[in-house]
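Residues per chain, in single letters:
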Amino acid sequence: MAKLTQLIDNEVFWAYATYTTIVLLKMMLMSPVTAYFRITRKAFANPEDTASLGKGESAKKFLRTDPDVERVRRGHLNDLENIVPFLGIGLLYTLCGPELSSALLHFRIFAGSRILHTFAYLIPLPQPSRGLSWAVGYVVTISMAYQVLKTALYL
Amino acid sequence: MAKLTQLIDNEVFWAYATYTTIVLLKMMLMSPVTAYFRITRKAFANPEDTASLGKGESAKKFLRTDPDVERVRRGHLNDLENIVPFLGIGLLYTLCGPELSSALLHFRIFAGSRILHTFAYLIPLPQPSRGLSWAVGYVVTISMAYQVLKTALYL
Amino acid sequence: MAKLTQLIDNEVFWAYATYTTIVLLKMMLMSPVTAYFRITRKAFANPEDTASLGKGESAKKFLRTDPDVERVRRGHLNDLENIVPFLGIGLLYTLCGPELSSALLHFRIFAGSRILHTFAYLIPLPQPSRGLSWAVGYVVTISMAYQVLKTALYL
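Residues numbered from 1 in each chain as written. Chains lettered and ligands numbered in written order. Predicted model: local features only at pLDDT ≥ 70, side-chain atom pairs only at ≥ 80, totals over all residues. Heavy atoms only, no water.

## Concerning the overall build of chain A
- Within chain A, the secondary structure is distributed over six helices and zero strands.
- Seen in sequence order, chain A has helices and strands lined up from the N terminus as α-α-α-α-α-α.
- In terms of principal-axis extent, the alpha carbons of chain A reach across some 60 × 45 × 30 Å.
- Taken as a whole, chain A presents about 6,700 Å² of accessible surface, with 65% of it coming from carbon and sulfur.
- Taken together, the 16 basic and 11 acidic charged side chains of chain A have centroids lying 5 Å from each other. (Helix = DSSP H or I, 4+ residues; strand = E, 2+ residues; numbered from the N terminus. Areas by Shrake-Rupley, 256 points an atom, 1.4 Å probe, with all protein chains shown as cover. Lys, Arg positive; Asp, Glu negative; His and termini not counted. Charge placed at Lys NZ, Arg CZ, Asp CG, Glu CD.)

## Focus on the environment of N46 of chain A
- Checked against the element boundaries, N46 of chain A lands in the loop between α2 (11–40) and α3 (57–60).
- The class of N46 of chain A is buried, set by a relative accessible area of 2%.
- Taking the C-alpha atoms as reference points, N46 of chain A and E57 of chain A, eleven residues apart in sequence, are found 14 Å from one another.
- If sequence neighbours within four positions are ignored, N46 of chain A has contacts with L63 of chain A together with R71, R74, Y121 and R130 of chain B. (Buried < 20%, exposed > 50% of the residue type's maximum accessible area, 1.4 Å probe, protein only. Contact = heavy atoms within 4.5 Å.)

## Topic: the relation of the copies chain B and chain C
- Taken as rigid bodies, chain B and chain C are interconverted by a rotation of 120° and an axial shift of 0.0 Å, the fit giving an RMSD of 0.0 Å. Such a combination of rotation and displacement between the chain copies is what one expects of a three-fold axis. For chain B, the residue whose C-alpha comes nearest the rotation axis is V84 of chain B, separated from it by 4.3 Å.
- Little of the interface of chain B is mirrored in chain C, where only 18% of its interface residues again form contacts. (Least-squares fit on C-alpha atoms with pLDDT ≥ 70 in both.)

## Thoughts on the interface of chain B and chain C
- Across the boundary between the two partners, chain B contributes 39 residues, which contact 38 residues of chain C.
- Here chain B and chain C share an interface that buries about 3,200 Å² over both sides, 71% of which is from carbon and sulfur atoms.
- Run the count over chain B and chain C and you get three salt bridges.
- For the salt bridge of R130 of chain C with E48 of chain B, the shortest nitrogen-to-oxygen distance reads 3.4 Å.
- Taken together, chain B and chain C are joined by eleven residue pairs in polar contact (both at pLDDT 80 or more).
- Residue assignment for the side of chain B that touches chain C shows that the elements contributing at least two residues are α1 (2–7), α2 (11–40), α4 (67–95) and α5 (100–122) of chain B.
- With 18 residues, the single largest contributor to the side of chain B that touches chain C is α2 of chain B.
- In the side of chain B that touches chain C, the residues fall into 26 nonpolar, seven polar and six charged. (Buried area = accessible area lost by both parts, 1.4 Å probe. Salt bridge = Lys/Arg side-chain N within 4 Å of Asp/Glu carboxyl O. Polar contact = N/O pair within 3.5 Å; in protein donor to acceptor, adjacent residues only side chain to side chain. Nonpolar A, V, L, I, M, F, W, Y, C, P; charged D, E, K, R; others polar.)

## A short note on the interface of chain B and chain A
- Taken residue by residue, the interface counts 38 residues in chain B and 39 residues in chain A.
- Summed over the shared surface of chain B and chain A, the result is three salt bridges.
- Two residues, E48 of chain A and R71 of chain B, come together in a salt bridge whose shortest N-O distance is 2.8 Å.
- Along the contact surface separating chain B from chain A lie eleven residue pairs in polar contact (both at pLDDT 80 or more).
- Of all the secondary-structure elements, those providing two or more residues to the side of chain B that touches chain A are α1, α2, α4 and α6 (129–152) of chain B.
- For the side of chain B that touches chain A, the residue count by class is 27 nonpolar, seven polar and four charged.

## Some details on helix α2 (residues 11–40) of chain C
- Helix length check: α2 of chain C, at 30 residues, gives a terminal C-alpha distance of 44 Å against a target of 44 Å (1.5 Å per residue), a fit within 8%.
- Put simply, N10 of chain C is the residue that caps the front of α2 of chain C, since its side-chain oxygen is 2.9 Å from the backbone nitrogen of V12 of chain C. (Expected span 1.5 Å × (residues − 1).)

## Quick word on the environment of G90 of chain B
Residues and elements named next belong to chain B.
- With respect to the element layout, G90 can be found in helix α4.
- Taking relative accessible area as the criterion, G90 reaches 0% and is therefore assigned buried.
- Remark: the alpha-carbon pair of G90 and N78, spanning twelve residues in sequence, is separated by 18 Å.
- The contact partners of G90, leaving out residues within four places of it in the chain, are Y16, P85 and M144.

## Here's the deal with a nonpolar patch on the surface
- Together, I115, F119, I123 and L125 of chain A give the surface a local cluster of nonpolar side chains, amounting to about 360 Å² of exposed area.
- Topologically, I123 of chain A is positioned in the loop between α5 (100–122) and α6 (129–152). (Patch = residues over 30% accessible without salt bridge, like charges linked within 9 Å, V, L, I, M, F, W, Y side chains within 5 Å.)

## So, unusual backbone geometry
- With an omega of -20°, the peptide bond between I123 of chain B and P124 of chain B qualifies as cis.
- Take P124 of chain B: it is sitting in the loop between α5 and α6.
- Even without being a glycine, K42 of chain A presents a positive backbone phi close to 50°.

## With respect to the pattern of salt bridges
- Scanning all chains against the criterion turns up 21 salt bridges over all chains.
- With a shortest N-O distance of 2.7 Å, K26 of chain C and D79 of chain C are connected by a salt bridge. Taken together, the residues K26 of chain C in helix α2 and D79 of chain C in helix α4 (residues 67–95) connect sequence positions 53 residues apart. Each member of the pair, K26 of chain C as well as D79 of chain C, carries the same accessibility label: buried.
- Where salt bridges share partners, they join E48 and D49 of chain A together with R71 and R130 of chain B into one cluster.

This is the structure in structure tokens:
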């Protein structure tokens, strides 16, 4: 057990663990938000989900798409598309031993950009709010990828 | 090489490696299941996939959505949305040095919940089977996230 | 800091870091490609994205799906479905201490297969180009999963 607890005895790793957990929890929050909109808008994807709303034809009308539900689902997919690269590249960057201040800057800006992106998507805010918040997180991830390749390139 | 093989000399890590590999393989299984339904239901998304079924207009009719195909695809996306947080938070939880018994409990319940979720989605079972199996895995992931933040919080 | 920099002093880990960063960057590239097609095809998903193209009804007609945009989006989702398992299983495989030559073979073939898959999807090349390039990466991931379970199985 000692080895693993020693590995984590590193401030950059703590920071990575903290911010990764925060952005993953934020992404997970999209599931209950989707469920909330599906229930309040009565817009479901599966026949078995509408069983409690009526029988036969009267339930079928709830098998439909709703703009608010689709908006949350697009936000969730955008999270997946951007947080998966952060998860992988961020871990590799952490293991490359960056300066704590530099690592904290990367992690904080990324987490902030994804939280802003979610608000910009769900409220929604006028563009380019959503575009910019997406781009900031994207550039942070590329900056970490550059550090990884500079340190570890082995083709 | 020694360092890495020593890192893995840890039962919690073995358990994480085993259950993560199982749930990722289960998720990967959704791809051939999708292909199976696309072929048997003759419902494709890409014109080049229908080339062997006929030419011109006769092939175009196979460019359509099918309820069974869409059901598998929703199950696959739900796997991504839930297994990605498990992958990241579970690794961080493992590195925080939890008790083996507690870690095994988390990993086993999560893997079981995702396997049940797939059966509930594909058969499909009446609700709340799918909802409950999803919720169990969700709560397990949040429990691990809480342990990570309690151990490593560094903002 | 020493611990982490020693961990990375391992050629298999460098190779994993390099190829994982490459495939994640390739996946990230799908976002600007999607944006390019959305803008050139004038096909958007969100009303706020069409605000600069006109007011009211004249902007609404740009809220539509376009075959080229949907093609890129399917390629992006296929990346997620296949690169997430590589990210997790590849890391566990790396930590199981494989031979460098064997690990390089796995990582190179996987990265090559995903790059070919993207070209096969976006050009598009006739089938079975896309199917085969997908299958090669799939089999490589299963081969690594087998090594992980053989080394670390702990149920």
